[in-house]
Amino acid sequence: MNALRQLSPLTPRETAAGYFLSIARDAAALSEHGVFEALLPIRPFALLLAARRADWSARSPERFADDADWLAATILVLQLAEVDIALDALPQLDAANQRLAELCGDLAIDFTPAQPRLVREFAANGQAPLSGRTRLDLPAALANLSAIARSSTLAACCRAALPAPLARVAGLA
């Protein structure tokens, strides 16, 4: 997802509609409201979205899921209302929202597209965690937990909040 460049350092804050969450790939990148990517069912949804577009009569592509699939899966799992995104990545967000709208339409699930929150300052290496404002109601006791326990709790909240048809599709129910 090198086309997505996010703010660094991430400064999560509580808003009326939820918290800003970020995805981290290692413990050093965990922020106050960070979630380990490995704890989330992002991969099954990204591959599901890619499989819906696949030409099964042709040879398999080298890369099955594209950046828009991964962004869409992240939006879906974290239930993001807003996504921190660079101006040049807006078409990717549009594609992600379109794919999610089609999937949710097929499963008769309400879907509200994620809105862009344009950022100007990017991480020097482009590896800052993906972040955005979630629609989830998160537990108030997160501040008293270690980074790992906080990440596990946030991941459990994300998985539990998935609508039943999506949880079944991802193999979580």
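Notes on the structure follow. From a predicted model like this one, the values you see are computed outputs, not experimental measurements.

Rules and cut-offs
Residues numbered from 1 in each chain as written. Predicted model: local features only at pLDDT ≥ 70, side-chain atom pairs only at ≥ 80, totals over all residues. Heavy atoms only, no water. Axes fitted to C-alpha atoms, helices over the stretch in contact; angles between N-to-C directions. Helix = DSSP H or I, 4+ residues; strand = E, 2+ residues; numbered from the N terminus. Parallel < 35°, antiparallel > 145°, perpendicular 65-115°, else oblique. Left-handed = near helix turned anticlockwise from the far one by under 90°. Contact = heavy atoms within 4.5 Å. Nonpolar A, V, L, I, M, F, W, Y, C, P; charged D, E, K, R; others polar. Expected span 1.5 Å × (residues − 1). Buried < 20%, exposed > 50% of the residue type's maximum accessible area, 1.4 Å probe, protein only. Arc of directions from axis to C-beta.

Right, let's talk about the packing of helix H1 (residues 42–53) against helix H2 (residues 67–78) for a bit. Direction vectors running N to C along H1 and H2 enclose 130°, while the axes themselves pass 8 Å from each other. When the axis of H1 is compared with that of H2, the two are oblique. Handedness of the H1/H2 crossing: right-handed. Facing Ile42, Arg43, Phe45, Ala46, Leu49, Ala50 and Arg53 of H1, the residues of H2 in contact are Asp69, Trp70, Ala72, Ala73, Thr74, Leu76 and Val77. The class makeup of the residues in the contact of H1 with H2 is 10 nonpolar, one polar and three charged.

Next up on the list: H1. An ideal rise of 1.5 Å per residue puts 16 Å on 12 residues; H1 measures up with 17 Å between its terminal C-alpha atoms. Residues of H1 that are buried include every one of Ile42, Phe45, Ala46, Leu49 and Ala50, and no others. Viewed along the axis of H1, the buried residues span an arc of 135°, placing them on a single side of the element.

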